[in-house]
Amino acid sequence: MRESNDSSVDVIRQVLNVTFQVPAGTYQACGNTYNVEAFTHTIDPTKTTPIPLWSANHMPSVTWKSESDKLYTLIVWDAGALFLHALMYNINGSSPDHGKTAWNYRGPKNPRDRDQPYAFLLYEQGSEKEETFVRDILIAIQSQSLNLSPVSLATALSLTGPIGASVLTVRTDPYAIGYMKKNRITNYCPDLLTPKFSALPLSYDVSGVRLMSSVDVTFMSPEISVSSCSRDVRFVSNTRIPNPMADGRISPVYTRLQPHVTLVPTNFFDNFYFLRLDLTLLLLDVTEELSGTPGTSLSLLHWQVVNIREGDVMSGETTQPYKRPLPLAMGAGGGSNSGQRVFMFLLLRQSGSLENVSDLVRFTGRESCPPRMRDRCQFNLTSFVTEHRMTIEGASWFMTSPDAYSRQQAIQQGLQGEAEACRGVVPQPTCTGGSEVTRASSLVVVLGLVSALQLLICPVREA
């Protein structure tokens, strides 16, 4: 047997049996919901088939061939991030179930899209370890007075080996990326969105764009009641957050007020990232651009803020105030896609401060726009970005379709006649007042039924 502080790999005598049995589950990451099917995976260290980190987050079954007179220590080590993920000791048998835990298993959280090795290492103990002794070593590691590595741990604990090992290859997934953002370590949510964004057929070529920052948008809508198309609808107060990963939809009533926009860099610890940048935020109706119809390569500008500093949108100069999305009803039948529009937030990195901001209206079709859309319609994104030598820093988007609120506004503003705005909307049943049943107390029950039926037929609707 080798000396107790020898951690050479040439003493490995067996391959550990490591099996992940992962139940089906659901998790939230980067504003999206992910459903995961049940999953079973047994590590084959001769292959580098990566598994998602959601699966590796669950403690696997680890077994080996043991000797009755031996005690063992199991170390789980992230060889890519140099991080300890588990330490079990005084194991008297062929699995960690027969020992003590000094460091609970924690799955890898690699946020980058690259393969990373994740090692399970088995050591022999020369003797039983006192709990206080192991704890003091871990405290020394956490205080950085002792280097954290399997070699230093084996030396400090007087272990022999590793005598057994297995290696898992892991690759990032939305679970790991969401975990790191939630805990304000790193933000690689833009990496998840980049493939989808770069495939969009915008007039400005985005095929080679890599998004660097998150544009986190929150719409906060107080309660409102509207009447349109012979219907009364009450919309309760609500908060809506665009979810571009799922082409999320938000009704116009919830986007009627200017949203709160938070810009989140990749590295939470880089406090100077946004200090180095001047930024522009745009909100564009890109429906026609995405349709691919020839001659429809220009957008409708709904919001423009330039010279944003320190990552604070409110610090910028608003050159076009926020204009609420009001999709108009189109086509017969009133289907879910009737009048559907796509609105996109674009965060642009400026090459420097924009000086003559009043001149930015020249990137719209100012003279050819109707009066209500003056300085907003036919916005030329390609010319705007190219002339100012800008690059795309971040993006988010949502879809919207006509609702009771947008129909009401379209009618009131003269954008559509009632017949056109209400096409396909089923009228609310005509409701009368209360019953005149008053002749006998025995009719109280009937009166109650009439009132209940009226509420069923003619409710004050909530949306």
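What you see is a predicted model, and the numbers here were worked out from it, not measured in a lab.

S.K.: I'd love a proper account of the sheet that holds strand S17 (residues 260–264), names of residues and values included.
M.R.: Taken in spatial order, the three strands line up as S16-S13-S17 in an open sheet, and their pairing is antiparallel. Edge positions in the open sheet fall to strand S16 (238–240) and S17, since each of these has one partner strand only. For this sheet, the mean angle separating the axes of adjacent strands, direction not counted, is 20°. In this sheet, S16 lies alongside strand S13 (residues 214–221) in antiparallel orientation, the contact comprising three bridges. Bridged to Phe 219 within S16 is Arg 240.

S.K.: A description of the environment of Leu 122 should follow, citing residues and the corresponding values.
M.R.: Here Leu 122 lies in strand S11 (residues 116–125). Remark: the alpha-carbon pair of Leu 122 and Thr 160, spanning 38 residues in sequence, is separated by 9.0 Å. Ignoring sequence-local partners within four residues, the contact set of Leu 122 consists of Leu 16, Trp 64, Tyr 72, Thr 73, Leu 74, Pro 162, Ile 163 and Gly 164.

S.K.: So what about the packing of aromatic side chains? Which residues, and what values?
M.R.: If you walk through the whole model with that rule in mind, you get 16 aromatic pairs. Where Tyr 27 meets Trp 54, the ring centres are 5.1 Å apart and the plane angle is 25°; that geometry is what we call stacked. Placement of the pair is Tyr 27 in strand S3 (residues 25–29) and Trp 54 in helix H1 (residues 53–56), with a sequence separation of 27 residues. Taken individually, Tyr 27 and Trp 54 each receive the classification buried, so the pair is uniform in this respect. For the pair Phe 235 and Tyr 254, a centre-to-centre distance of 6.2 Å together with 90° between the ring planes defines the contact as edge-to-face. Highlighted residues: Phe 235 in strand S15 (residues 231–235) and Tyr 254 in the loop between S16 and S17, separated in sequence by 19 residues. In this structure Phe 235 comes out as buried when scored by relative accessible area, which is 4%. By the ring-pair criterion, three or more aromatic residues cluster together here, those being Tyr 27, Tyr 34, Trp 54 and Tyr 175. The residue whose ring lies beneath Lys 109 is Tyr 179, and the NZ or CZ to ring-centre distance is 4.7 Å. One Lys or Arg, Arg 240, reaches over the ring of Tyr 254 and ends 4.3 Å from the middle of that ring.

S.K.: Any details on the side chain of Thr 266? Residues and values, ideally.
M.R.: As for its placement among the helices and strands, Thr 266 is situated in the loop between S17 and strand S18 (278–285). According to the relative accessible area criterion, Thr 266 is buried, its value standing at 19%. A polar contact of 2.8 Å, which involves the side chain of Thr 266, links it to the backbone oxygen of Met 212. Those residues within four positions of Thr 266 in sequence are excluded, and the remaining contacts are Thr 186, Asn 187, Tyr 188 and Met 212.

S.K.: Before we move on, can you summarise the environment of Asn 110 with the specific residues and values?
M.R.: Structurally, Asn 110 can be placed in the loop between strand S10 (100–103) and S11. By relative accessible area, which is 5% here, Asn 110 ends up buried. Ignoring anything within four residues of it in the chain, the contact list for Asn 110 reads Leu 53, Gln 116, Thr 172 and Ala 176.

S.K.: Hey, could you go over the confidence of the model for the chain for me, with residue numbers and the actual values?
M.R.: The predicted model of the chain averages 84 in pLDDT, with 85% of residues at 70 or higher. Taken element by element, the predicted model of the chain shows its lowest mean pLDDT in helix H10 (residues 444–457) (45) and its highest in S13 (97). Considering only residues more than four positions removed or in separate chains, one finds that residues 1–7, a stretch of pLDDT under 50, has 21 contacts. Note on residues 332–337: pLDDT under 50 across the span, and seven contacts to partners over four residues away in sequence or across chains.

S.K.: Mind laying out the environment of Gln 378, listing which residues take part and the relevant values?
M.R.: With respect to the element layout, Gln 378 can be found in the loop between strand S21 (341–349) and helix H7 (381–387). The class of Gln 378 is partly exposed, set by a relative accessible area of 36%. Between the alpha carbons of Gln 378 and Phe 363 there is a distance of 8.0 Å; along the sequence they are 15 residues apart.

S.K.: Give me the pattern of salt bridges: which residues, what numbers.
M.R.: Any two side chains of opposite charge can pair if their charged atoms end up close together. Within this structure, the stated rule accounts for 13 salt bridges. As a salt-bridge pair, Glu 124 and Lys 70 come within 3.9 Å of each other at their nearest N and O atoms. Here the residue Glu 124 occupies a position in strand S11, and Lys 70 occupies one in the loop between strand S7 (61–63) and strand S8 (71–78), the gap between them amounting to 54 residues. Taken as a pair, Glu 124 and Lys 70 share a single burial class, namely buried. Between Lys 196 and Asp 247 there is a salt bridge whose closest N-O contact spans 3.2 Å. With Lys 196 in helix H5 (residues 189–198) and Asp 247 in the loop between S16 and S17, this pair connects stretches of sequence that are 51 residues apart. When its relative accessible area of 30% is taken as the criterion, Asp 247 is described as partly exposed. Connected through shared salt-bridge partners, Arg 13, Lys 70 and Glu 124 make up one network.

S.K.: Outline the pairing of strand S14 (residues 224–228), supporting the account with residue identities and numerical values.
M.R.: The sheet contact formed by S14 and S15 spans five bridges and is antiparallel. From the neighbouring strand, Ser 227 faces S15, where its bridge partner is Asp 232. Adjacent in sequence and paired antiparallel, S14 and S15 are bridged by two residues, among which Cys 229 carries a positive phi angle near 55°.

S.K.: Lay out the sheet that holds S18 with the relevant residues and their values.
M.R.: The five strands are arranged S20-S19-S18-S21-S22 in an open sheet whose pairing can be described as antiparallel. Every other strand in the sheet has two partners, leaving strand S20 (317–320) and strand S22 (391–400) as the edge strands with one partner each. Sheet twist, expressed as the mean angle between neighbouring strand axes with direction ignored, is 15°. Along the sheet, H5 makes contact with S21 and S22, crossing S22 at roughly 75°.

Cut-offs and rules
- Residues numbered from 1 in each chain as written.
- Predicted model: local features only at pLDDT ≥ 70, side-chain atom pairs only at ≥ 80, totals over all residues.
- Heavy atoms only, no water.
- Pairing = 2+ DSSP bridges.
- Helix = DSSP H or I, 4+ residues; strand = E, 2+ residues; numbered from the N terminus.
- Axes fitted to C-alpha atoms, helices over the stretch in contact; angles between N-to-C directions.
- Contact = heavy atoms within 4.5 Å.
- Phe/Tyr/Trp six-rings, centres within 6.5 Å; stacked < 30°, edge-to-face > 60°.
- Buried < 20%, exposed > 50% of the residue type's maximum accessible area, 1.4 Å probe, protein only.
- Lys NZ or Arg CZ within 6 Å of the ring centre and 35° of its normal.
- Polar contact = N/O pair within 3.5 Å; in protein donor to acceptor, adjacent residues only side chain to side chain.
- pLDDT = per-residue confidence, 0-100.
- Salt bridge = Lys/Arg side-chain N within 4 Å of Asp/Glu carboxyl O.

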